[in-house]
Amino acid sequence: MSEKPTRGSYSLLYRFILREFLQNFAVAFSFFFCIFFINSILLLVQRILLKNIDMLTMLEMVSLSMPQFLIYTFPFASLASSSMVLGDLGSSNELLAIRSSGIASARVYRPLIISSIFLSFVTFFFADVVLPWSSVVYEERLAVLMQEMPTFEIESNSVNTVGNIVLSNGETDGNIIHDIVLLSEDEDTGESRTVLSERGTLELIDSWNYIYSLELESPKILISDSDDIDSYGLSDAASAVFFLDFSEQIPSLTSSAPVNLSSRDLLAGIRARTEEEREDIKLWHERREDARLTLSDALKSNSSLSVLQAAAVEAESSISARGDKIPRNFYSQYYKAELAKKFVLSAACFCLTLITLPLSMFRVKHGKLTGFAISLLIAVAYWYMLFGVQLEIFNISSSPYLLIALPDLAILFIAVMLIMRFRKAR
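The model shown is predicted, which means the values in this text are computed figures rather than measured ones.

Cut-off values and rules
- Residues numbered from 1 in each chain as written.
- Predicted model: local features only at pLDDT ≥ 70, side-chain atom pairs only at ≥ 80, totals over all residues.
- Heavy atoms only, no water.
- Helix = DSSP H or I, 4+ residues; strand = E, 2+ residues; numbered from the N terminus.
- Axes fitted to C-alpha atoms, helices over the stretch in contact; angles between N-to-C directions.
- Parallel < 35°, antiparallel > 145°, perpendicular 65-115°, else oblique.
- Left-handed = near helix turned anticlockwise from the far one by under 90°.
- Contact = heavy atoms within 4.5 Å.
- Nonpolar A, V, L, I, M, F, W, Y, C, P; charged D, E, K, R; others polar.
- pLDDT = per-residue confidence, 0-100.
- Buried < 20%, exposed > 50% of the residue type's maximum accessible area, 1.4 Å probe, protein only.
- Polar contact = N/O pair within 3.5 Å; in protein donor to acceptor, adjacent residues only side chain to side chain.
- Salt bridge = Lys/Arg side-chain N within 4 Å of Asp/Glu carboxyl O.
- Expected span 1.5 Å × (residues − 1).
- Phe/Tyr/Trp six-rings, centres within 6.5 Å; stacked < 30°, edge-to-face > 60°.
- Core = buried A, V, L, I, M, F, W, Y, C linked by side-chain atoms within 4.5 Å.

Draft legend 1. Unusual backbone geometry, seen in detail. Here Asp179, not a glycine, exhibits a phi torsion of approximately 50°, which is positive. Relative to the assigned elements, Asp179 resides in strand β4 (residues 176-185).

Draft legend 2. Spatial organisation of the packing of helix α3 (residues 67-91) against helix α9 (residues 367-391). Close contact between α3 and α9 brings their axes to 7 Å; oriented N to C, the two are set at 150°. In terms of axis orientation, α3 runs roughly antiparallel to α9. Seen from above, α3 lies across α9 with right-handed handedness. Of the residues in α9, those touching α3 at Tyr72, Phe76, Leu79, Ala80, Ser83, Met84, Gly87, Asp88 and Ser91 are Gly367, Lys368, Gly371, Phe372, Ser375, Ile378, Ala379, Tyr382, Trp383 and Leu386. Per-class residue counts for the contact of α3 with α9 are 11 nonpolar, six polar and two charged.

Draft legend 3. Highlighting the confidence of the model for the protein chain. The predicted model of the protein chain has a mean per-residue pLDDT of 78, with 73% of residues at 70 or higher. The least confident element of the protein chain, judged by mean pLDDT, is helix α7 (residues 305-321) at 56; the most confident is helix α8 (residues 330-354) at 91.

Draft legend 4. Quick look at the side chain of Thr356. Its place among the elements puts Thr356 in the loop between α8 and α9. Judged by its relative accessible area of 2%, Thr356 falls in the buried class. Looking at Thr356, its side chain comes within polar contact range of the side chain of Ser82, at 2.7 Å. At 2.5 Å, the side chain of Thr356 forms a polar contact with the backbone oxygen of Thr353. Thr356 has contacts with Leu79, Ser82, Ser83 and Leu86, leaving out every residue within four places of it along the chain.

Draft legend 5. Quick peek at the pattern of salt bridges. In total, this model carries three salt bridges according to the counting rule given. The partner of Glu60 in a salt bridge is Arg141, with the nearest N and O atoms 3.3 Å apart. In this pair, Glu60 sits in helix α2 (residues 55-65) while Arg141 sits in helix α5 (residues 105-148), placing the two residues 81 residues apart along the sequence. Take Arg141: its relative accessible area is 23%, and that puts it in the partly exposed class. Glu338 is the partner of Lys341 in a salt bridge, and the nearest nitrogen-oxygen pair spans 3.5 Å. With Lys341 and Glu338 both in helix α8 and three residues apart, this pair spans about one turn of that helix.

Draft legend 6. Structural view of α9. The terminal C-alpha atoms of α9 lie 36 Å apart, and with 25 residues this matches the ideal 36 Å at 1.5 Å per residue to within 8%. Every buried residue belonging to α9 is among Gly367, Gly371, Phe372, Ser375, Ile378, Ala379, Tyr382, Leu386 and Val389, and all of these are buried.

Draft legend 7. Structural detail: the environment of Leu214. Take Leu214: it is sitting in strand β6 (residues 211-217). Judged by its relative accessible area of 1%, Leu214 falls in the buried class. Taking C-alpha positions, Leu214 is 6.6 Å from Gly200, a pair spaced 14 residues apart along the chain. With sequence-adjacent residues up to four places away left out, Leu214 is seen in contact with Leu182, Thr201, Leu202, Ala240, Val241, Phe242 and Leu244.

Draft legend 8. Up close: the packing of aromatic side chains. Scanning the entire structure with this criterion turns up 16 aromatic pairs. Ring centres of Phe125 and Phe126 lie 6.2 Å apart, and the angle between their planes is 90°; this geometry places the pair in the edge-to-face category. Judged by relative accessible area, Phe125 falls into the partly exposed class, the value being 44%. Among the aromatic side chains, those forming a connected cluster through ring pairs are Phe21, Phe25, Phe29, Phe33, Phe36, Phe69, Tyr72, Phe74, Phe125, Phe126 and Trp383.

Draft legend 9. Spotlight on the packing of α8 against α9. The contact between α8 and α9 brings their axes to 13 Å, and the two run at 165°. Put simply, α8 runs roughly antiparallel to α9. As for the relative orientation of α8 and α9, their crossing is right-handed in sense. Side by side, α8 and α9 meet where Glu338, Lys341, Val344, Leu345, Ala348 and Leu352 of the first sit next to Ile378, Tyr382, Leu386 and Gln390 of the second. A class-by-class count of the residues in the contact of α8 with α9 yields seven nonpolar, one polar and two charged.

Draft legend 10. Spotlight on the nonpolar core. Counting residues in hydrophobic clusters, the biggest one holds 56 residues, and the most contacted among them are Phe74, Val108, Leu352 and Tyr382. Counting residues per element, the ones that place at least two in this core are α1 (11-47), α3, α4 (94-100), α5, α8, α9 and α10 (401-425). Sort the elements by how many residues they give to this core and α3 lands first, with 13 residues. Excluding residues that lie within four positions of it along the chain, Val108 makes contacts with Leu13, Ile17, Leu86, Leu89, Leu95 and Ile98. Counting residues in hydrophobic clusters, the runner-up holds 14 residues, among them Ile177, Val195, Leu202 and Phe242.

Here you go:
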């Protein structure tokens, strides 16, 4: 009579599966990290406008921005690594050998599922703790950097472009600039402005909104209309001060927006916005009821047909002006969606790993490569589902919690259906 396997009998199998998972996770994590890094961080570096900062400070700013996309990297890396492990085991017949030795497939899945649950907690930690903290530190550090140096990279004999402002200068001495040519264009009016000055001083006057003053000596100003070359004006002065507003040019990858708040802050915001929303809904019902009462009073008074028609038109326009749908507070929906997304992205590590388990039922060529390709297709589908439901949160009259959870629920449903089908087929 054979002995029943003990828990320790499977330790070798568990270590083997876990080692394979971690190795593939490192590869998949690096791949998705590079994708989000190139798409987000390099764009930030290009737009950060702080061209004189040292490499160490630049790396610090980039590091503080990383949690913004790490919350997406963990779920997709978990999906890819599980697919690669199961695909590789299937292609080399190792899964068949494991089953033939009397070991259930559930023993193979267990390390993958436990690892995905652990990664779910790690993802939530980054989304709820690291991301809000890094956002605050980033804003504080950026404000300090903007106080320490001008937005323009002021070097001798250089040309700088920020937005629709172009500054050409000669020799510089600190914030004193010589031989200045300042070009700017108003996008609304199409008016172009050219300013010439032999000497000027650039100073930061608002470190939070990134507004600078450029004080010029004996400037000459040419104002022209880009649509009419014959329309221009030329003037000069003993001195002039120009205010340069760079607030719209500062990247907003990390900010105090709801996406960068902790769950505690989001809950506080939801409670405050919910009270406002209740007041709006109450007022909406009251005004619709007032319109109906006005029409009812007109009917009871046996008024003439013209009076009744006028009352009906007024009531209908009053009701339609306030819309047929119950009003929803924009920020209430936004805060609820961001709170739900923290949990949805965290749970995605488990759900996306679960949908890879049926891959073990197939024997495919180039298992690891095929598994990775399948994971990319699932990742793209999940990304589009998540992006799509986020666009719809302001078009629904109910709470967005269930809507944001739809991608996870859809993946979970498909995974369970596939697992049940293949279990019956065996």
